[in-house]
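# Summary of the model geometry
Read off the chains here:
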Amino acid sequence: MLVAAVRRPPPLSRLGSPIRALLPVFRASRPPFSTSRPRLADTPSPTKPPPEPTVSASRRFARTRKVARYTFYVFASTIVGSAVLTTAIFLHDAFTYTDRHIDGVPVSPLALNPERGGPKNLPVMKVLLSDLQDEDNQRLVEKPHLVIVGGGWGAVGILNTLRAGDYHVTVISPETYTTFTPLLPSAAVGTVQIRSLVEPLRKIVARLYGHVINARAVDLVMSERLLEIETVRPGGEPQHIYVPYDKLIIAVGSTSSTHGVPGLEHCLQLKTVSDARLIRQRILDNFEAASLPTTTSEERRRLLSFVVCGGGPTGVETAAEIYDLCQEDIMSYFPKVCREDVSIHVIQSREHILNTYSEAISRYAENKFLHSGIDLITRARVGGVHGDRVTYTTRGPGGETVTHEIPTNFVLWSTGIAMNPFVARVSSLLPNQVHKKAIEVDAHLRVKGAPVGEIYAIGDASTIETSVVSHLLELVDESDKNKDGKIDFDEFEIMVSRIKQRIPMAEESLQKVRELFDLYDSDADNSLNLNELAVLLQEIGNKITALPATAQVAAQQGKYLGKKLSKLAKQHDVLAANGLAGGPGVDEAVSKPFKYLHLGSLAYIGNAAVFDLGRMSFMGGLAAMYAWRSVYWSEQVSSRTRALLMIDWIVRGVWGRDLSRL
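Throughout what follows, the structure given in this document is the object of discussion. (Residues numbered from 1 in each chain as written. Predicted model: local features only at pLDDT ≥ 70, side-chain atom pairs only at ≥ 80, totals over all residues. Heavy atoms only, no water.)

### Some words on the overall build of the protein chain
Secondary structure summary: the protein chain contains 22 helices and 28 strands in total. For a compact globule of 662 residues, the expected C-alpha radius of gyration is about 26 Å, and the protein chain comes in at 39 Å, more than 25% above that figure. With respect to the principal axes defined by its C-alpha atoms, the protein chain has extents near 155 × 85 × 70 Å. Counting all 662 residues of the protein chain, 43% fall into the buried class. Put simply, of all contacts in the protein chain between residues at least 6 apart along the chain, 63% involve residues at least 24 apart. (Helix = DSSP H or I, 4+ residues; strand = E, 2+ residues; numbered from the N terminus. Rg over C-alpha atoms; globule rule 2.2 N^0.38 Å. Buried < 20%, exposed > 50% of the residue type's maximum accessible area, 1.4 Å probe, protein only. Contact = heavy atoms within 4.5 Å.)

### What about empty space enclosed by the protein?
What the rule picks out here adds up to 4 cavities of 30 Å³ or more. One number sums up the size of the largest cavity: a volume of about 80 Å³. Looking at the lining of the largest cavity, the elements with two or more residues in it are helix H10 (313–333), helix H21 (622–634) and helix H22 (639–655). Grouping the amino acids of the lining of the largest cavity by side-chain chemistry returns 4 nonpolar, 3 polar and 6 charged. Reported here for the second largest cavity is a volume of approximately 40 Å³. If you trace the second largest cavity, you find it lined by Ala-443, Ile-464, Pro-504, Met-505, Leu-547, Phe-594, Lys-595 and Tyr-596. Of the residues that constitute the lining of the second largest cavity, the class distribution is 7 nonpolar, no polar and 1 charged. (1 Å grid on protein atoms, 1.4 Å probe; cavity = no way out; pocket = protein on both sides within 12 Å on 5 of 7 lines; lining within 4 Å. Points joined across faces, edges and corners; volume = space filled by probe spheres on them. Nonpolar A, V, L, I, M, F, W, Y, C, P; charged D, E, K, R; others polar.)

### Considering unusual backbone geometry
The backbone phi angle of Tyr-209 is positive, close to 55 degrees, even though this residue is not glycine. On the secondary structure map, Tyr-209 appears in the loop between helix H7 (201–205) and strand S7 (211–214). Of note, Asn-607 is a non-glycine position whose phi angle comes to about 50 degrees, a positive value. Secondary-structure assignment places Asn-607 in the loop between strand S26 (601–604) and strand S27 (609–612). Relative accessible area serves as the criterion here: at 33%, Asn-607 is assigned to the partly exposed category.

### A look at the environment of Asp-99
Structurally, Asp-99 is set in the loop between helix H2 (57–96) and helix H3 (109–112). For Asp-99, a relative accessible area of 56% gives the class exposed. Separated by 516 residues in sequence, Asp-99 and Arg-615 have C-alpha atoms that sit 59 Å apart.

### Some points on the sheet that holds strand S9 (residues 226–232)
Across the sheet, which stays open at both edges, the 3 strands sit in the order S8-S9-S10 with antiparallel pairing between neighbours. Sheet topology places strand S8 (216–221) and strand S10 (238–244) at the edges, where each strand pairs with a single neighbour. Averaged over all neighbouring strand pairs, the angle between strand axes comes to 30 degrees, with direction disregarded. Relative to S10, S9 is paired through 7 bridges, and the arrangement is antiparallel. The residue bridging Val-232 from the neighbouring strand is Pro-238, located in S10. Across the sheet, helix H13 (residues 421–429) is in contact with S8 and S9; its angle to S8 comes to roughly 10 degrees. (Pairing = 2+ DSSP bridges. Axes fitted to C-alpha atoms, helices over the stretch in contact; angles between N-to-C directions.)

### Thoughts on helix H18 (residues 551–570)
Taking 1.5 Å per residue as the helical rise, H18 with its 20 residues ought to reach 28 Å, and the 29 Å between its terminal C-alpha atoms agrees with that figure. With 14 of 20 residues buried, H18 is to be regarded as a mostly interior element. (Expected span 1.5 Å × (residues − 1).)

### Thoughts on the layout of surface pockets
Here the second largest pocket defines a volume of roughly 600 Å³. Forming the walls of the second largest pocket are 24 residues, and the residues nearest its centre are Leu-128, Leu-129, His-211, Val-212 and Ile-213. Put simply, the parts of the chain that give the lining of the second largest pocket at least two residues each are H3, H7, S7 and S10. In terms of residues, the lining of the second largest pocket owes the most to one element, S7, which gives 4 residues.

### Structural notes on the environment of Leu-645
As for its position among the elements, Leu-645 is in helix H22. Between the C-alpha atom of Leu-645 and that of Lys-564, which follows or precedes it by 81 residues, the distance is 32 Å.

### Remarks on the side chain of Arg-300
Inspection of the secondary structure puts Arg-300 in helix H9 (residues 297–303). Filtering out sequence-adjacent residues up to four positions away, Arg-300 remains in contact with Ala-290, Thr-295, Val-337 and Asp-341.

### Focus on the sheet that holds strand S16 (residues 381–385)
On the basis of which strands lie adjacent, the open sheet formed by 3 strands has the order S16-S17-S18 and antiparallel pairing. Strands at the two margins of the open sheet, each flanked by one partner only, are S16 and strand S18 (401–407). The mean angle between the axes of side-by-side strands here comes to 25 degrees, regardless of whether they run parallel or antiparallel. Of the pairings in the sheet, the one linking strand S17 (residues 389–395) to S18 comprises 7 bridges and is antiparallel in character. In the strand pairing of S18, Arg-395 is matched with Thr-401.

Rendered as structure tokens:
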């Protein structure tokens, strides 16, 4: 039997010195040799994480005391703040409430029994009830009588910029308040309250110690400086009165254009507070009727079909607000089948909605509406409005006219503007007033054809002249220095400067003077004859775009006119000494022509907003919507309406819209 030889390890003396140095460490860490199986207790246990340090009781108590201290500070500051606010309100009421007694207020006999006069032998209000009530009013009696017809954006712009004490101001308005019209679509569905959009005219006029007469203007006697107004007696019968004036400002706005469509008596409009109230009542009435179990499916769909005629800002914003109402409130508080049967239609005659905005904004709004399920009907014309339906026409593939109809119980008409009746009356009294929608004014906002410096018109009631050729003979007479009947280049430069003064909107078309001169010098004789000048001026006038009928234009015109009238009053003595007490040349002496500065256009499209700032556009969701709100909040007439508007937005965000029918 063979036995394998066992090789013994070498003696320690033969190992290297490094290994010998490690042997004591190895022996110390090696367990003692044993031939038996290792027991369970001998197996090494897994490593355990070190125990967390325990928080001492003193540190826990300090932390609890710190939390309690700050909690006490919060509650204490809340209690103290509430107490201070309550005390301040109490002190305000205690010191501002006074039991006033007024006796022996002076009133002119002419205010109680006015004289009669004028072509119609009507009472003439030469003196008002409050003219003599205190020293401030008495001082204004001898000032020029400034009569403002209207209480909208233009009128408020004048009232806010006039200097107190310069004029005896009287405002003639059928409403006793001014309205923030851009938010009327929000008021129509209860997003904001109507009270948050109005400011009493008497509060605005109080700074100027002015007067407000609740009436509407109906006629004008320019030869005697008499404005005929119509008031309503307590019994309801109308009464006509003459109001004399030294300067008259027409700021009555416009009405909606019918475009010859029949059946508009079945439509709702959105230009006044009353319109917004009627729209809100109609919407809630329709939903209440649609939620009845006796209402058929077909009738429910008709009741909940909302048709908006017009794809401008008002129509688009109203459609967006109705959609928001259905999504955020109707779905929560009405039967869900009502929300399912809702349909919103926007009928637009042009190719795009918001067609006055940039193309990018129009397409963004259209995509937003299509995503929301709002039916956009473009390139269509409304044929008629009936009590239960709307008919409209479109062009078929072969160019044929196709008639469609939409069953509905709600139609909003928002398609353009037309002349106010008073504006139409004034226009008929003046020569060369051929504009179909407004009174034509010059660059200083003076009504053309009226006595110079006496009658002005602003806002939707007016349009600044764009015809340059009508001034041809005057321009030639002023520029033709050698009187040869032709205009050379040096004289043409003089003519261009005169055109810019008369019609500032033509400035953009007169940038390259030399190129323009050479272009219309057809016979190349380095001069322009009357025929060549007529063609040139006609082309320039055709390129000028009239200002849009927006609140922004009216507000800027009102501020411009208010500042100019204040300058006229301040420099009256100097002007009179130079023979410019009145008539031509007075406005030019104190002010430059009106020049519109476009600050951008904006529109709300349903939890989103769009901004058209001219060369750039901004559109988006919530961020743009809050920017839209910020702009309108800052443009409010008073701090009172700003506070109310902010409260309305908070209430709607927390508790939703008010669905009560009031």
